[in-house]
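# Analysis of the macromolecular model
One letter stands for each residue in the lines below.
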Amino acid sequence: MAFRIEKYEQNRIVLSGRLDNEAIDAFRETLDDYSGVIELDMSEVDYINSAGLSVILATYQRLRKSRGRLVIHNPMPYIREVLSISGLDYLVQVQE
């Protein structure tokens, strides 16, 4: 499935597809446009690689400096496992 980004008001972003090297620039640019609290709905993301994890980490670090935060909603079990193995679920709030 091709990667897709849908932007909504109040810093809510819905992602779908594969978050891989082909999608990484669009993902990074989208997140860079937001500040404060960013809500990522990842319920339809079926793959994430280290580049995607790196963008999530960099966004977390940027938001933390300005007292913002990143919240990931509804990741698929595989994505949840990757977030856990990488330790990102200790830094970024993950909600079912």
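The preceding data block contains the structure.
These lines cover the structure that appears in this document, whether it is placed above or below.

What counts, and where the lines are drawn
Residues numbered from 1 in each chain as written. Predicted model: local features only at pLDDT ≥ 70, side-chain atom pairs only at ≥ 80, totals over all residues. Heavy atoms only, no water. Helix = DSSP H or I, 4+ residues; strand = E, 2+ residues; numbered from the N terminus. Buried < 20%, exposed > 50% of the residue type's maximum accessible area, 1.4 Å probe, protein only. Contact = heavy atoms within 4.5 Å. Polar contact = N/O pair within 3.5 Å; in protein donor to acceptor, adjacent residues only side chain to side chain. Expected span 1.5 Å × (residues − 1). Core = buried A, V, L, I, M, F, W, Y, C linked by side-chain atoms within 4.5 Å. Salt bridge = Lys/Arg side-chain N within 4 Å of Asp/Glu carboxyl O.

## With respect to the environment of Val 45
Examined against the element boundaries, Val 45 turns out to sit in strand 3 (residues 37–48). Residue Val 45 is classed as buried on the basis of its relative accessible area, which comes to 0%. Counting along the chain gives 31 residues from Val 45 to Val 14, while the straight-line C-alpha distance between them is 9.2 Å. Setting aside its immediate chain neighbours within four residues, Val 45 contacts Leu 15, Ser 16, Gly 17, Leu 19, Met 76 and Ile 79.

## Observations regarding the side chain of Asn 49
Summarising the element assignment, Asn 49 is placed in the loop between strand 3 and helix 2 (50–65). Reaching out from Asn 49, the side chain makes a polar contact with the backbone nitrogen of Ala 51 at a distance of 3.0 Å. Leave out the neighbours within four places in its chain, and Asn 49 touches Leu 19, Asp 20 and Asn 21.

## Focus: helix 2
In a regular helix each residue adds 1.5 Å, so 16 residues correspond to 22 Å; helix 2 covers 23 Å between its end C-alpha atoms and thus fits that length. Among the residues of helix 2, Ala 51, Gly 52, Leu 53, Val 55, Ile 56, Thr 59, Tyr 60 and Leu 63 are the ones counted as buried. At its buried positions, helix 2 is contacted by strand 2 (12–19), helix 1 (24–32), strand 3, strand 4 (69–73), helix 3 (77–86) and helix 4 (88–91). Put simply, Asn 49 is the residue that caps the front of helix 2, since its side-chain oxygen is 3.0 Å from the backbone nitrogen of Ala 51. At the exit of helix 2 stands Arg 67, carrying a positive phi of roughly 65°.

## Quick notes on unusual backbone geometry
Of note, Asn 11 is a non-glycine position whose phi angle comes to about 60°, a positive value. The phi dihedral of Arg 67 is positive, around 65°, even though this residue is not glycine. Considering the arrangement of structural elements, one finds Arg 67 in the loop between helix 2 and strand 4.

## Description of the nonpolar core
By size, the foremost hydrophobic cluster in this structure holds 28 residues, and its most contacted members are Leu 19, Phe 27, Leu 40 and Met 42. Among the secondary structure elements, those contributing two or more residues to this core are strand 2, helix 1, strand 3, helix 2, strand 4 and helix 3. Tallying contributions element by element places helix 2 first for this core, with six residues. Excluding its chain neighbours within four sequence positions, the residues that come into contact with Met 42 are Leu 15, Leu 19, Ile 48, Ile 72, His 73, Asn 74, Pro 75, Met 76 and Ile 79.

## Examining the pattern of salt bridges
A complete count under the given rule lists six salt bridges for this structure. In this structure, Asp 25 and Arg 28 form a salt bridge, with 3.4 Å as the shortest nitrogen-oxygen distance. Here the residue Asp 25 and the residue Arg 28 both occupy positions in helix 1, the gap between them amounting to three residues, near one helical turn. On the basis of relative accessibility, which here comes to 46%, the residue Asp 25 falls in the partly exposed class. Assessed through its relative accessible area of 36%, Arg 28 is described here as partly exposed.

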